[in-house]
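Each chain is listed here by its residues.
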Amino acid sequence: MELFIFLYRQFFLKFAASAVYSWTMNFVALTNVLSLVALICGGTLLSSALVSFLMQDPSAVALFFLSYSLLIIFVSILIFFKTKSIGQLGLREGFLIVTSGWIMIALLGAVPFCWLSGFKWVDAIFEAMSGFTTTGASVIDSSLVLSDGSLLTGGLPSLPKGLLYWRSMTHWLGGMGVVVLSIAIMPYLGVSGKKLYKAEVSSADSSQLTPRIADVAKILWTVYIVLSIIETILLCIGGMSLFDAWCHTCATIATGGFSTRPESISAFNNVFIESVIMLFMFIGSCNFILHYQAFKRGFSVYWKDEEFRSHLITTAVCGALIAFFIFGTNFKDAAGRPVLSGLFNSVRYSFFQVISMKATTGFCTADFDGWPDFTKFILVILMIVGGCGGSTSGAVKHSRFILLFKYGVMETKKAIFPHSLSNVSLNKNRVDSETLHKVLTFFFVYVAVFTIGALLLCTQNGNDIITSITAAITCIGGVGPGLAKVGAVYTYSWMTPFSKLILTILMLLGRLEIFTVLVIFLPTFWKR
């Protein structure tokens, strides 16, 4: 009896107290904002119904998108007005809204894959999460086992056009962030979006633009939409259909990687199209704040930015190195065609893959698994580095590596001159020690998470060490293709459900820069 009382006091009462604390979270605010995010998702699904009708899909496909989208819109509006008096929106609510928002839209986005093409739930969620997180890893090929036990014999081309459009739109929405889109219109509804913006876009310095968070979101989305329109026009000029041009624009500007063709960009075998996509992949990998500043002040702002200069120089040097090492070698493009690797083709294929991997887009024009090991090592490093802060690309981000390098140099100097002053700067602005500690912590946790993910993948049959490591790197970094069995010409369809689940979690962690997700698992997060 005494033991029972002891356990009651130590565990049950603490659990009850924790539950009471958890209800101090403003769940009304959470539900209200999530309904707004779901409304955006429903509106995009409604446009899929129109595309399905125009592209002459079977009538059942357009009818599904119409009914499903209207259901989401109706329920979202109902919930939104039922929870309109949301009260105070705090930082904890911001983190929880962002994390639960991404999980919610992935689940909503997975339904069309299950309903229209018979995907298993684990495959549908993997594909939807890969889309919204702009990872670009796919399970779709002719060997994919459907829920009824049959195979998706036609592969990607067999999917309805409306579904392919929705698949691409998950990239476009996820690129800048559904939550950022939400906070752009929340001021009109009497809601402050500052806490959400801090949780969603931690790497962008909003102070460079305007103190109003909603204005920042609107500016970023304006730049995003204008660039999307320009790229679509250029791809149409290059010979793509309007449907293909828009779908590839969604994947390019969002640095995602989903294509309407199983051979990716090599299916078009068009130098102009490849050049346009290279340009916009690079633009997508740069800080969108810089794009806005360049429009207002001129293009000189790009070169004045230390991160941009480093990003550009790294891309150029790595592209030249890989071009040198693949010159004269025999390899195939992503469509399986032999490539005559003269000077032009070496530069053409090397720079496309360097930009694609560093921008974490994942588009492929070459089967780079057949390249020399040195070049594959460079590509893996670029997958880890990623693009600039404030861009749509994933991975660690270039600015963090600049700070890590400078911090390492400073500590080396202090080993020789212990009394020297600490002075690490970025763009001539001194970086305080707290920021440096955050960068170090993020990098350590990032490496730890992908290492744990790779170890878990190694426990599954068929996952060799190269496949496991590069799959973990590409999914947490939002890249898509890796090496070996997840290389440029392969998909993730053959993996076990457990492997797909691990990779789906890594996608979410990587897209939200890890801490946004992990913080909600801390007991202190749920206390006053």
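Use the structure listed above.
Residues numbered from 1 in each chain as written. Predicted model: local features only at pLDDT ≥ 70, side-chain atom pairs only at ≥ 80, totals over all residues. Heavy atoms only, no water.

Peer 1: Describe in detail the overall build of the protein chain, supporting the description with residues and values.
Peer 2: Within the protein chain one finds 21 helices and four strands. When burial is assessed residue by residue, the protein chain has 56% of its 528 residues classed as buried. Sequence-distant contacts, at least 24 apart, represent 70% of the contacts inside the protein chain between residues at least 6 apart. Within the structure as shown, the protein chain displays about 23100 Å² of accessible surface, and the carbon and sulfur contribution to it stands at 69%. (Helix = DSSP H or I, 4+ residues; strand = E, 2+ residues; numbered from the N terminus. Buried < 20%, exposed > 50% of the residue type's maximum accessible area, 1.4 Å probe, protein only. Contact = heavy atoms within 4.5 Å. Areas by Shrake-Rupley, 256 points an atom, 1.4 Å probe, with all protein chains shown as cover.)

Peer 1: Describe the environment of phenylalanine 442, with residues and values.
Peer 2: Inspection of the secondary structure assignment puts phenylalanine 442 in helix α18 (residues 433–458). With a relative accessible area of 4%, phenylalanine 442 lands in the buried category. For the pair phenylalanine 442 and arginine 400, spaced 42 residues apart in sequence, the C-alpha to C-alpha distance is 9.1 Å. Not counting the four nearest positions on each side in its chain, phenylalanine 442 is found in contact with Val396, Arg400, Glu513, Ile514 and Phe515.

Peer 1: Give me the nonpolar core: which residues, what numbers.
Peer 2: In this structure, Phe119, Trp166, Ile277, Trp371, Tyr492 and Leu503 are the most contacted members of the largest nonpolar core, which totals 127 residues. Of all the elements, helix α4 (residues 91–117) adds the most residues to this core, at nine residues. Those residues in contact with tyrosine 492 that sit more than four places away from it in its chain are Phe126, Ala137, Ser138, Val139, Ala471, Thr474, Cys475, Gly480, Gly482, Val486, Lys500 and Leu503. By size, the runner-up hydrophobic cluster in this structure holds ten residues, among which are Tyr407, Met410, Leu426 and Val439. (Core = buried A, V, L, I, M, F, W, Y, C linked by side-chain atoms within 4.5 Å.)

Peer 1: Mind laying out the layout of surface pockets, listing which residues take part and the relevant values?
Peer 2: In this structure, the second largest pocket occupies an estimated 490 Å³ of space. Contributing to the lining of the second largest pocket are 29 residues, with Ser138, Pro262, Ala488, Tyr490 and Thr491 lying nearest its centre. Classifying every residue of the lining of the second largest pocket gives 13 nonpolar, twelve polar and four charged. (1 Å grid on protein atoms, 1.4 Å probe; cavity = no way out; pocket = protein on both sides within 12 Å on 5 of 7 lines; lining within 4 Å. Points joined across faces, edges and corners; volume = space filled by probe spheres on them. Nonpolar A, V, L, I, M, F, W, Y, C, P; charged D, E, K, R; others polar.)

Peer 1: I'd like a description of the pattern of salt bridges, backed by residues and values.
Peer 2: Within the structure shown, the criterion is met by eleven salt bridges. For glutamate 274, the salt bridge is made with arginine 348, and the minimal N-O distance between the two is 2.8 Å. A residue pair is termed long-range when its members are at least 10 positions apart, and glutamate 274 in helix α11 (residues 271–284) and arginine 348 in helix α15 (residues 343–358) qualify at 74 residues. Comparing glutamate 274 with arginine 348, the two get one shared label, buried. With its nearest N and O atoms 2.8 Å apart, the salt bridge here joins glutamate 513 to arginine 400. Placement of glutamate 513 in the loop between α20 (497–511) and α21 (515–518) and of arginine 400 in helix α17 (residues 398–416) is noted, with a sequence separation of 113 residues between them. A residue is classified by how much of its surface remains accessible, and arginine 400, at 13% relative accessible area, is buried. Within the structure, one salt-bridge network assembled from shared partners comprises Asp369, Asp373 and Lys376. (Salt bridge = Lys/Arg side-chain N within 4 Å of Asp/Glu carboxyl O.)

Peer 1: Explain helix α10 (residues 242–253) to me, using residue names and the numbers behind them.
Peer 2: Along its twelve residues, α10 runs 16 Å from first to last C-alpha, staying within 8% of the 16 Å computed at 1.5 Å per residue. Phe243, Asp244, Ala245, Cys247, His248, Thr249, Cys250, Ala251, Thr252 and Ile253 are the residues of α10 that are buried. In the stretch just after α10, threonine 255 is the one whose phi turns positive, near 50°. (Expected span 1.5 Å × (residues − 1).)

Peer 1: Could you give an account of the packing of α4 against helix α5 (residues 121–132), with specific residues and numbers?
Peer 2: For the pair α4 and α5, interaxial distance at closest approach is 8 Å and the crossing angle is 125°. When the axes of α4 and α5 are compared, the pair comes out oblique. As α4 runs across α5, the sense of the crossing is right-handed. For the pair formed by α4 and α5, the contact residues are Trp102, Ile105, Ala106, Leu107, Gly109, Ala110, Val111, Phe113 and Cys114 on the first element and Trp121, Ala124, Ile125, Glu127, Ala128, Met129 and Phe132 on the second. Grouping the amino acids of the contact of α4 with α5 by side-chain chemistry returns 14 nonpolar, one polar and one charged. (Axes fitted to C-alpha atoms, helices over the stretch in contact; angles between N-to-C directions. Parallel < 35°, antiparallel > 145°, perpendicular 65-115°, else oblique. Left-handed = near helix turned anticlockwise from the far one by under 90°.)

Peer 1: Quick rundown of the side chain of aspartate 333? Include the residues and the values.
Peer 2: Relative to the helices and strands, aspartate 333 resides in the loop between β1 (331–332) and β2 (338–339). One polar contact links the side chain of aspartate 333 to the main-chain amide nitrogen of alanine 335, over a distance of 3.0 Å. (Polar contact = N/O pair within 3.5 Å; in protein donor to acceptor, adjacent residues only side chain to side chain.)

Peer 1: Lay out a nonpolar patch on the surface with the relevant residues and their values.
Peer 2: There is a patch of nonpolar side chains on the surface, built from Trp303, Leu312, Ile313, Val317, Leu321, Phe324, Phe325 and Phe374 and spanning about 760 Å² of accessible area. Take the nonpolar patch: its biggest share by element is six residues, from helix α14 (residues 306–326). On the secondary structure map, valine 317 appears in helix α14. The partly exposed category is assigned to valine 317, whose relative accessible area is 44%. (Patch = residues over 30% accessible without salt bridge, like charges linked within 9 Å, V, L, I, M, F, W, Y side chains within 5 Å.)

Peer 1: Which residues make up the environment of threonine 222, and what values do they have?
Peer 2: Along the chain, the position of threonine 222 falls in helix α9 (residues 213–237). Measuring from C-alpha to C-alpha, the distance between threonine 222 and tyrosine 292 comes to 9.2 Å, with 70 residues separating the pair along the chain.

Peer 1: Explain the packing of aromatic side chains residue by residue, including any values.
Peer 2: Any pair of aromatic rings gets described here by the distance separating the centres and the angle formed by the planes. One pass over the structure, following the stated rule, counts 23 aromatic pairs. Each ring, one from phenylalanine 324 and one from phenylalanine 325, has its centre 5.5 Å from the other, and the planes form 85°; the classification is edge-to-face. Accessibility expressed as a relative area gives 62% for phenylalanine 324, which makes it exposed. Taking 4.6 Å as the distance between ring centres and 40° as the angle between the ring planes, the aromatic pair formed by phenylalanine 325 and phenylalanine 374 counts as tilted. Here phenylalanine 325, found in helix α14, pairs with phenylalanine 374, found in helix α16 (residues 373–385); they are 49 residues apart in sequence, far enough to count as distant. Overall, phenylalanine 374 belongs to the partly exposed group, its relative accessible area being 37%. (Phe/Tyr/Trp six-rings, centres within 6.5 Å; stacked < 30°, edge-to-face > 60°.)

Peer 1: Please set out α18 residue by residue, giving values where relevant.
Peer 2: The terminal C-alpha atoms of α18, which comprises 26 residues, lie 37 Å apart, in line with the 38 Å expected from a rise of 1.5 Å per residue. Buried within α18 are the following residues: Leu436, Val439, Phe442, Val445, Tyr446, Val449, Phe450, Gly453, Ala454 and Leu457. On its buried face, α18 sits against α17, α19 (465–477), α20 and α21. For α18, the N-terminal cap is aspartate 432; the gap from its side-chain oxygen to the backbone nitrogen of glutamate 434 is 3.1 Å.

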